[in-house]
Amino acid sequence: MSTPTVTIPSSLLPADGRFGCGPSKVRPEAVAALAAAAPDLLGTSHRQPTVRNLVGRLRSGVSELFGLPEGWEVVLGNGGSTVFWDAATFGLIERRSLHLSFGEFSSKFAQAAAAAPFLDDPAVISAPTGTHPTVTADPTVDLYALTHNETSTGVAMTLQRPAGATAGQLVAVDATSAAGGLRWSPAEVDVYYFAPQKCLASDGGLFIACCSPAAVQRIERIAASDRWIPASIDLKIALDNSKLDQTNNTPALATVFLAVHQLDWMNANGGLEWAASRCDRSADTIYRWAEASDYASPYVADPAQRSHVVATIDLDERIDATTVSKVLRANGVVDTESYRKLGRNQLRIALFPAIDPEDVAALCACVDHVVGAIA
Ligand SMILES: *Cc1c(COP(=O)(O)O)cnc(C)c1O
């Protein structure tokens, strides 16, 4: 079936048409600042002060945004969140982990742990897609693996230490699409890890892991044991380099720069509360629009589990969501397609802090226009 030709009136179009869930919108101001800074930055050594200062600003900007308590460390390394799962499998799980599995991303860390021959089989608590399971304390595990926002389904969970969890058990949270857009408390978490191509409005390829003193101790203890750990994913090596504002091997300098720019922007405007409030506004707009629509509805049934950083909107079977996304794309409004493996007639829209809430409202009007034209 060919895509119908529909021209969306320019008065309806968002100022910026990027709604992808990662890589996601990079603010034009950040790109312009990168171009201005480039002559003294790009193509210079990552062991010299210019780049080390930038890495230091990334670490302190993350600390400030999340209000990390004394003793926490911001650990950086190459490879993004996917590589962090391998690093954590080697360097953070002592014997056995417990995973909440409720979509594509949350299932992957569980798979990595299950495949490791030096670990016991992990405990996995699953829930149907579109919901999240609840975590209960399990005395046989030493790490709980949670996901703040399941990007494939648009389900977010409130971060809480499992009731009855003991002091020796760590809570590690995949916050890749949540970090900087959803609220959380360091009291409930030991490792909050993410990559910068989502709420930090930068490019991919880096992992950033906020580690509590208990997590730092765990990293040190496992590194001192006789477990073999490949150097490129050794968290102790990453930790030691991060303390010196370096990475073990060469990072992408543009990625670091853009992430720092976004952190500065968020911190200067009021920090995490400000950024999360912006996401709340976008979420309120899109879910209200879907609930009022006669052809669209929020996929996540429980409003408390509906993500404020990634909205998933089901369309009535009369309207083909793929066609709607294609028409939007032809008009410069891109990456509204649903997560392919979820297999639903759905639009998936990022509501990250860089995305203007006014543009989310404009997107809703554009979808109405397209559906009116093709139905
Ligand atoms: C995007 C995403 C990942 C993968 O991140 P990479 O940096 O591409 O490895 C992992 N977990 C979640 C929740 C994500 O949204």
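All residue numbers refer to positions counted from 1 along the written sequence of the respective chain. Local features in this predicted model are restricted to residues whose pLDDT is 70 or higher, and side-chain atom pairs enter the listing and the counts only when it is 80 or higher, whereas totals over whole chains, interfaces and linings include all residues. Hydrogens and waters are ignored; side-chain quantities use all the structure's heavy atoms.

1. Looking at the overall build of the chain
Here is step 1: Helix and strand assignments come from DSSP, with helices taken as H or I runs of at least 4 residues and strands as E runs of at least 2, each series counted from the N terminus. Along the chain, the regular secondary structure elements total 10 helices and 12 strands.
Here is step 2: Throughout, the radius of gyration refers to the C-alpha atoms, and the reference size of a globule is 2.2 Å times the residue count to the power 0.38. Computed over its C-alpha atoms, the radius of gyration of the chain comes to 21 Å, within 12% of the 21 Å expected for a compact globule of 375 residues.
Here is step 3: Over its C-alpha atoms, taken along the principal directions, the chain stretches across nearly 65 × 50 × 35 Å.
Here is step 4: Exposed residues in this analysis have more than 50% of their type's maximum accessible area, buried residues have under 20%, and partly exposed residues fall in between, with area computed by a 1.4 Å probe over protein chains only. Split into buried and exposed, the 375 residues of the chain put 58% on the buried side.
Here is step 5: In the chain, of all internal contacts separated by at least 6 residues, the share reaching a separation of at least 24 is 73%.
Here is step 6: Each accessible area value is a Shrake-Rupley result obtained with a 1.4 Å probe; residue values ignore everything except the protein chains displayed when judging cover. Summed over all atoms, the accessible surface of the chain reaches about 14900 Å², with 52% contributed by carbon and sulfur.
Here is step 7: Put simply, the chain has 29 plus and 40 minus side-chain charges, and the middle of one group is 3 Å from the middle of the other. In this analysis, two residues are considered to be in contact whenever any of their non-hydrogen atoms come within 4.5 Å of each other. The charge count includes Lys and Arg as positive and Asp and Glu as negative, but it does not include His or the ends of the chains. The atoms used to mark charge sites are NZ of Lys, CZ of Arg, CG of Asp and CD of Glu.

2. Brief notes about helix α1 (residues 28-41)
Here is step 1: What a helix should span is 1.5 Å times the count of its residues minus one. For α1, with 14 residues, the first-to-last C-alpha span of 18 Å sits near the 20 Å given by 1.5 Å per residue.
Here is step 2: What we call the bend at a residue is the angle made by axes fitted to the seven residues finishing there and the seven residues starting there. Bending of α1 peaks at approximately 35° at the position of A35, with proline P39 no more than four residues after it.
Here is step 3: Every buried residue of α1 is accounted for by A30, L34, A38 and L41.
Here is step 4: Looking at the buried positions of α1, the neighbouring elements they touch are α2 (49-66) and α7 (253-269).

3. Brief notes about the nonpolar core
Here is step 1: The biggest cluster of nonpolar side chains holds 93 residues, and the ones touching the most others in it are L58, F66, Y192 and I286.
Here is step 2: Here this core gets nine residues from one element, more than from any other, and that element is α7. Residues enter a nonpolar core if they are buried and are Ala, Val, Leu, Ile, Met, Phe, Trp, Tyr or Cys, with the set joined through side-chain atoms within 4.5 Å.

4. Here's the deal with the pairing of strand β8 (residues 191-194)
Along any regular strand, the residues point their side chains to alternate faces of the sheet.
Here is step 1: Across the two faces of β8 the burial is the same, with V191 and Y193 and Y192 and F194 all buried.
Here is step 2: Strand pairing is assigned whenever DSSP detects at least two bridges linking the two strands. Pairing geometry for strand β7 (residues 170-174) and β8, over three bridges, is parallel. In the sheet register, V173 faces β8, and the bridge partner there is Y192.
Here is step 3: Looking at chain direction, β8 and strand β9 (residues 206-211) are connected through four bridges and run antiparallel. From the neighbouring strand, V191 faces β9, where its bridge partner is C211.

5. Points about the sheet that holds strand β12 (residues 346-350)
Here is step 1: Pairing within the open sheet is antiparallel, and its three strands lie in the order β10-β11-β12. The open sheet has two edge strands with one neighbour each: β10 (296-298) and β12. Here the strands of the sheet are splayed against their neighbours by 30° on average, with no regard to which way each runs.
Here is step 2: As judged from the three bridges shared by β10 and strand β11 (residues 310-315), these two strands associate in the antiparallel manner. Here an angle of 0 to 180 degrees is reported between the N-to-C directions of two axes, which are lines fitted to C-alpha atoms, with helices fitted over the stretch in contact.

6. Examining the domain arrangement of the chain
Here is step 1: Parsing the chain into structural domains produces domain 1 (29-268) and domain 2 (271-374).
Here is step 2: The C-alpha centroid of domain 2 is placed 27 Å from the C-alpha centroid of domain 1.
Here is step 3: Taken together, the contact between domain 1 and domain 2 spans 29 residues of the former and 28 residues of the latter.
Here is step 4: Buried area: the sum, over both parts, of the accessible surface (1.4 Å probe) that disappears when the two are put together. Both faces combined, the contact of domain 1 with domain 2 buries some 2200 Å², and carbon together with sulfur accounts for 59% of it.
Here is step 5: The working definition used for a salt bridge is a side-chain nitrogen of Lys or Arg within 4 Å of a carboxyl oxygen of Asp or Glu. Joining domain 1 to domain 2, the criterion identifies three salt bridges.
Here is step 6: E273 serves as the salt-bridge partner of R183, at 2.9 Å between the closest nitrogen and oxygen.
Here is step 7: Whenever a nitrogen or oxygen atom comes within 3.5 Å of another N or O atom, the pair is scored as a polar contact, on the condition that within protein one atom can donate a hydrogen and the other can accept it, and that pairs from neighbouring residues in sequence are kept only if both atoms are in side chains. For the interface between domain 1 and domain 2, the tally reads 12 residue pairs in polar contact (both at pLDDT 80 or more).
Here is step 8: Of all the elements, α7 adds the most residues to the side of domain 1 that touches domain 2, at four residues. Where each domain starts and ends follows an automatic or database-derived domain assignment.

7. Some details on the site of the ligand
Here is step 1: Note on definitions. A residue lies near a molecule or strand when any single heavy atom of the residue is within 4 Å of it. Neighbouring residues of the ligand: 13 residues in total, closest T82, T151, D174, Q197 and K198.
Here is step 2: Residue T82 places a side-chain N or O atom 2.5 Å away from an oxygen atom belonging to the ligand.
Here is step 3: Within the side chain of D174, one N or O atom sits 2.7 Å away from a nitrogen atom of the ligand.
Here is step 4: Here the ligand loses 86% of its free accessible area of 390 Å² to cover by the protein chains.
Here is step 5: At four residues, the largest contribution of residues to the shell around the ligand is made by helix α3 (residues 80-91).
Here is step 6: Polar here means any residue other than Ala, Val, Leu, Ile, Met, Phe, Trp, Tyr, Cys and Pro, which are nonpolar, and Asp, Glu, Lys and Arg, which are charged; Gly is therefore polar. Residue classes in the shell around the ligand are distributed as three nonpolar, eight polar and two charged.

8. Here we look at the packing of aromatic side chains
Here is step 1: Side-chain rings of Phe, Tyr and Trp, where Trp is taken by its six-membered ring, are said to pair if the distance between their centres is within 6.5 Å; with planes under 30 degrees apart they count as stacked, over 60 as edge-to-face, and otherwise as tilted. The full count for this structure, using the stated rule, is 13 aromatic pairs.
Here is step 2: Relative to Y192, the ring of F66 has its centre 5.3 Å away and its plane inclined at 75°; by these criteria the two rings are edge-to-face. Of this pair, F66 sits in helix α2 while Y192 is found in strand β8, placing the two residues 126 residues apart along the sequence. The pair formed by F66 and Y192 is uniform in burial state, with each residue classed as buried.
Here is step 3: Put simply, the rings of F66, W72, W184, Y192 and F194 pair up and form one aromatic cluster.
Here is step 4: For a ring to carry a charge above it, either NZ of a lysine or CZ of an arginine must fall within 6 Å of the ring centroid while also lying within 35 degrees of the normal to the ring plane. Here the basic side chain of K198 rests over the ring of F105, its NZ or CZ set 5.2 Å away from the ring centre.

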